[in-house]
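# Tertiary structure, described
Here's the letter readout for the chains.
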Amino acid sequence: MLENYFPILMFILVGLGVGLGPLILGKLVSPHKPDAEKNSPYECGFEAFEDARMKFDVRYYLVAILFILFDLEIAFLFPWAVVLHDIGLFGFLAMMVFLFVLVVGFIYEWKKGALEWD
Amino acid sequence: MEWLSQLFGSYWQNVQMVGWTLVKIIAIVGPLMIAVAYLTYAERKVIGYMQVRIGPNRVGFWGLLQPVADGLKLLFKEIIIPTASNKGLFLLGPVLTIAPAFAAWAVIPFDGTMVLANIDAGLLYVLAMTSIAVYGVIIAGWASNSKYAFLGSLRSAAQIVSYEIAMGFSLVGVLMCANSLNLGNIVLGQEGGFWHWYFIPLFPLFIVYFISAVAETNRAPFDVAEGESEIVAGFHVEYSGMAFAVFFLAEYANIWLVCTLAALMFMGGWLSPLPFLPDSILWLFAKMAFLVFFFLWFRATFPRYRYDQIMRLGWKVFIPITIVWIVFVGAMMQTKFDYLFH
């Protein structure tokens with residue numbers, strides 16, 4: 001059973017190699033002539049005005065939280081969807097109760113304006 | 001002495017097994033690399049003709065060596081690492097973006113028997129891998145320590161996670177029909193002609209999945225993450241040479257990946273559209289190419305969306321549509337129309 005996962009482990013290592021290989025090759029064959037101007041952060045020809053790690057809109061944070069909530073719902077729906085055929089009407093209704101609670105929360109955040117970007 | 005030969009024997013077997021697996025992995029990664037390289041060529045050629053231009057036609061016959069020339073050019077360009085950046089993270093970003101785009105192919109079935117790892121949690125593994133890619137984007141944008149890169153990575157991350165929800169919900173619909181997370185079994189559930197393919201009963205989910213896939217890969221018209229007219233190139237603005245090339249390859253590898261998934265889940269994978277024609281891997285390739293063509297077509301046709309419009313489409317349109325359709329399909333499965341959804 002578990003040996004089926006061994007090729008996956010190898011494939012992940014090969015994937016990392018696909019990323020690292022070009023970087024190492026590029027480092028080996030490309031020129032390397034750094035100077036202060038070239039290595040400064042890019043800002044349309046200006047000196048950088050202030051720290052680049054500036055304040056950012058709180059809505060990005062909100063999206064991240066909502067994503068976690070909804071992604072958990074999906075993680076919960078996956079096993080349900082796989083066995084839906086076996087658990088029948090009762091299983092279906094149980095999930096509908098759960099989805100109802102989820103939708104109430106979704107409507108609440110919508111009305112609160114958490115999804116507005118203007 | 002006996003335990004030594006036993007140990008050695010199993011050791012030799014393991015080496016053989018590892019070697020054979022490596023050969024199979026290269027048999028997948030090699031053609032994939034070529035497909036990725038020639039997708040960049042196809043994109044320029046297709047968009048060229050759509051805009052009544054010729055596209056690349058200088059390097060090689062019909063410009064066919066253009067990807068090779070591009071690759072060599074990028075290889076000999078300096079990899080600039082900005083002084084203000086976090087060096088380690090800066091180099092980790094591109095690796096973390098491309099590794100999952102390739103690693104996800106481990107469970108893709110190309111044929112009834114042609115699959116590297118036939119695991120039951122196949123779809124879950126693919127979703128896990130595609131979710132990791134967002135870390136590469138965030139790390140790259142943060143480590144660059146540049147305002148454009150930072151803003152681009154924030155936008156990109158928020159967009160990718162938003163559309164991942166719509167994507168996940170539309171895949172739940174497929175699971176309800178297929179009753180399996182094994183990608184091979186999902187395809188086999190669609191046997192018997194194109195009218196058994198899941199895109200017909202799950203049509204709204206198919207559309208939502210495909211448009212979400214365009215947004216997930218940060219492609220036009222959802223490419224505000226690298227909207228060149230406002231934040232130059234977004235999260236990879238500080239990357240040059242091969243470090244940039246890796247991001248570029250990852251984007252096109254991801255396009256192939258999401259199109260392959262769409263072909264497997266909704267269009268019957270390697271199955272032939274008509275029962276009297278033989279099933280073949282060529283059908284899968286044809287479906288992949290067909291779907292990828294839409295990505296190029298979209299880029300040539302649609303103007304870029306505004307960021308608030310993108311978020312509205314993801315949260316206020318796609319998520320309600322998918323939830324309603326999941327409930328509808330679930331309800332129909334409790335009635336005598338159950339057979340329509342299998």
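None of these values were measured; they are calculated from a predicted model. (Residues numbered from 1 in each chain as written. Chains lettered and ligands numbered in written order. Predicted model: local features only at pLDDT ≥ 70, side-chain atom pairs only at ≥ 80, totals over all residues. Heavy atoms only, no water.)

## Side note on the overall build of chain B
- The helix and strand tally for chain B stands at 11 helices and zero strands.
- Put simply, chain B runs from its N terminus to its C terminus through helices and strands in the order α-α-α-α-α-α-α-α-α-α-α.
- Across its three principal axes, chain B shows a C-alpha extent of roughly 70 × 65 × 40 Å.
- For chain B, restricting intrachain contacts to residue pairs at least 6 apart in sequence, the fraction spanning at least 24 positions comes to 75%.
- For chain B, the exposed surface amounts to about 14200 Å²; the carbon and sulfur share of it is 71%.
- Here chain B holds 18 positive side-chain charges and 18 negative ones, and the gap between their average locations is 11 Å. (Helix = DSSP H or I, 4+ residues; strand = E, 2+ residues; numbered from the N terminus. Contact = heavy atoms within 4.5 Å. Areas by Shrake-Rupley, 256 points an atom, 1.4 Å probe, with all protein chains shown as cover. Lys, Arg positive; Asp, Glu negative; His and termini not counted. Charge placed at Lys NZ, Arg CZ, Asp CG, Glu CD.)

## Some remarks on a nonpolar patch on the surface
- Together, Leu20, Ile24, Leu25, Leu28 and Val29 of chain A together with Leu65, Val68, Leu72 and Phe76 of chain B make up a nonpolar patch on the protein surface, roughly 840 Å² of accessible area in all.
- Counting only elements with at least two residues in the nonpolar patch, the list comes to α1 (6-29) of chain A together with α2 (66-75) of chain B.
- Relative to the assigned elements, phenylalanine 76 of chain B resides in the loop between α2 and α3 (87-103).
- The exposure class of phenylalanine 76 of chain B is partly exposed, given its relative accessible area of 48%. (Patch = residues over 30% accessible without salt bridge, like charges linked within 9 Å, V, L, I, M, F, W, Y side chains within 5 Å. Salt bridge = Lys/Arg side-chain N within 4 Å of Asp/Glu carboxyl O. Buried < 20%, exposed > 50% of the residue type's maximum accessible area, 1.4 Å probe, protein only.)

## Thoughts on the layout of surface pockets
- Of the voids in this model, the largest pocket is the one considered here, and its volume is about 750 Å³.
- Residue lining of the largest pocket: 25 residues in total, with Asp70, Gly71, Leu74, Ala245 and Leu249 of chain B positioned closest to the centre.
- Listing elements by their share of the lining of the largest pocket, those giving two or more residues are α1 of chain A together with α1 (2-50), α2 and α9 (241-266) of chain B.
- With eight residues, α2 of chain B is the largest single contributor of residues to the lining of the largest pocket.
- Its residues assigned to classes, the lining of the largest pocket shows 16 nonpolar, five polar and four charged. (1 Å grid on protein atoms, 1.4 Å probe; cavity = no way out; pocket = protein on both sides within 12 Å on 5 of 7 lines; lining within 4 Å. Points joined across faces, edges and corners; volume = space filled by probe spheres on them. Nonpolar A, V, L, I, M, F, W, Y, C, P; charged D, E, K, R; others polar.)

## A look at the domain arrangement of chain A
- You can read the domains of chain A as domain 1 (2-47) and domain 2 (59-112).
- Look at where the C-alpha atoms of domain 1 of chain A and domain 2 of chain A centre, and you get two points 38 Å apart. (Domains from an automatic or database assignment.)

## Re the packing of helix α5 (residues 147-178) of chain B against helix α11 (residues 307-333) of chain B
All names here are of chain B.
- Running from N to C, α5 and α11 cross one another at 15 degrees; their axes reach a closest spacing of 9 Å. Classified by the angle their axes make, α5 and α11 are roughly parallel. Relative to α11, the crossing made by α5 is left-handed.
- Of the residues belonging to the contact of α5 with α11, the class tally is 19 nonpolar, seven polar and one charged. (Axes fitted to C-alpha atoms, helices over the stretch in contact; angles between N-to-C directions. Parallel < 35°, antiparallel > 145°, perpendicular 65-115°, else oblique. Left-handed = near helix turned anticlockwise from the far one by under 90°.)

## Digging into the interface of chain B and chain A
- At the interface, 84 residues of chain B touch 66 residues of chain A.
- Counting across the interface, chain B meets chain A through zero salt bridges.
- Between chain B and chain A we count two residue pairs in polar contact (both at pLDDT 80 or more) in total.
- Among the elements of the structure, α1, α3, α4 (122-144), α5, α9 and α11 of chain B are those that each provide at least two residues to the side of chain B that touches chain A.
- Here the side of chain B that touches chain A takes 17 residues from α5 of chain B, the largest share from any one element.
- Across the side of chain B that touches chain A, the residue classes break down as 62 nonpolar, 13 polar and nine charged. (Polar contact = N/O pair within 3.5 Å; in protein donor to acceptor, adjacent residues only side chain to side chain.)

## Re the side chain of serine 170 of chain B
Residue and element names in this part refer to chain B.
- Position of serine 170 relative to the elements: it lies in helix α5.
- Given the relative accessible area of 0%, serine 170 is considered buried.
- Separated by 2.8 Å, the side chain of serine 170 and the backbone oxygen of methionine 167 make a polar contact.
- Every residue in contact with serine 170, bar those within four places of it in the chain, is listed here: Leu205, Tyr209, Phe266 and Thr322.

## Focus on α5 of chain B
Residue and element names in this part refer to chain B.
- Helix length check: α5, at 32 residues, gives a terminal C-alpha distance of 46 Å against a target of 46 Å (1.5 Å per residue), a fit within 8%.
- Among the 32 residues that make up α5, 31 are buried, leaving the element largely enclosed by the rest of the structure.
- Just downstream of α5 lies asparagine 179, where phi reads positive at about 55 degrees. (Expected span 1.5 Å × (residues − 1).)

## With respect to the packing of aromatic side chains
All names here are of chain B.
- Following the criterion strictly, the structure yields 30 aromatic pairs over all chains and no others.
- Ring centres of phenylalanine 194 and tryptophan 195 lie 5.3 Å apart, and the angle between their planes is 75 degrees; on these two criteria the pair is classed as edge-to-face.
- Judged by its relative accessible area of 46%, tryptophan 195 falls in the partly exposed class.
- With centroids separated by 4.8 Å and ring planes inclined at 40 degrees, the aromatic side chains of tryptophan 325 and phenylalanine 328 adopt a geometry described as tilted. Of the two residues, tryptophan 325 and phenylalanine 328 both sit in helix α11, three residues apart, roughly one turn of that helix.
- Owing to a relative accessible area of 23%, tryptophan 325 belongs among the partly exposed residues under this scheme.
- With relative accessibility at 35%, the residue phenylalanine 328 sits in the partly exposed group.
- Cluster of aromatic residues (ring-pair linked, three or more members): Phe210, Phe290, Phe293, Phe294, Phe295, Trp297, Phe298 and Phe302.
- The aromatic ring of tyrosine 307 is capped on one face by arginine 155, whose charged end is 5.9 Å from the ring centroid. (Phe/Tyr/Trp six-rings, centres within 6.5 Å; stacked < 30°, edge-to-face > 60°. Lys NZ or Arg CZ within 6 Å of the ring centre and 35° of its normal.)

## As for the nonpolar core
- By size, the foremost hydrophobic cluster in this structure holds 137 residues, and its most contacted members are Trp80 of chain A together with Trp105, Phe169, Phe266 and Trp315 of chain B.
- When residues of this core are assigned to their parent elements, the largest contribution, 19 residues, is made by α9 of chain B.
- Two domains each provide a minimum of three residues to this core, namely domain 1 (2-47) and domain 2 (59-112) of chain A.
- Those residues in contact with tryptophan 105 of chain B, other than ones at most four positions away along the chain, are Phe11 of chain A together with Ile28, Leu32, Phe110, Ala253, Trp256, Leu257, Thr260 and Met288 of chain B. (Core = buried A, V, L, I, M, F, W, Y, C linked by side-chain atoms within 4.5 Å.)

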